[in-house]
Amino acid sequence: MLQNIGVPGLILILVIALIIFGPSKLPELGRAVGSTLKEFKKSTRDLVSDEEPIKTQLKKEEKAI
């Protein structure tokens, strides 16, 4: 869905955001979005790394059977 936006659409979205939030709020909004994405990536990595030992243990149990 987001592949179809293109450069003109992205510029339009940025201009509308600038009008709605104003130039003083946009940096705060950008930082909030950035920190949210950073925390989401960290949580995802933690979940994936937590699952790896479980998969390894299951494979060992299958070999033992």
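Everything below is about the structure printed above this text.
Quick caveat, the model's predicted, so the values are computed rather than measured. (Residues numbered from 1 in each chain as written. Predicted model: local features only at pLDDT ≥ 70, side-chain atom pairs only at ≥ 80, totals over all residues. Heavy atoms only, no water.)

## Details of the overall build of the chain
- Counting secondary structure elements, the chain contains 1 helix and 0 strands.
- Per-residue burial over the chain gives 3% buried out of 65 residues.
- Surface exposure of the chain reaches about 6300 Å², of which carbon and sulfur atoms provide 68%. (Helix = DSSP H or I, 4+ residues; strand = E, 2+ residues; numbered from the N terminus. Buried < 20%, exposed > 50% of the residue type's maximum accessible area, 1.4 Å probe, protein only. Areas by Shrake-Rupley, 256 points an atom, 1.4 Å probe, with all protein chains shown as cover.)

## Notes on a nonpolar patch on the surface
- A cluster of nonpolar side chains, L12, I16, I20, F21, L29, V33 and L37, forms an exposed patch at the surface whose accessible area comes to about 650 Å².
- Summarising the element assignment, I20 is placed in helix α1 (residues 6–64).
- For I20, a relative accessible area of 58% gives the class exposed. (Patch = residues over 30% accessible without salt bridge, like charges linked within 9 Å, V, L, I, M, F, W, Y side chains within 5 Å. Salt bridge = Lys/Arg side-chain N within 4 Å of Asp/Glu carboxyl O.)

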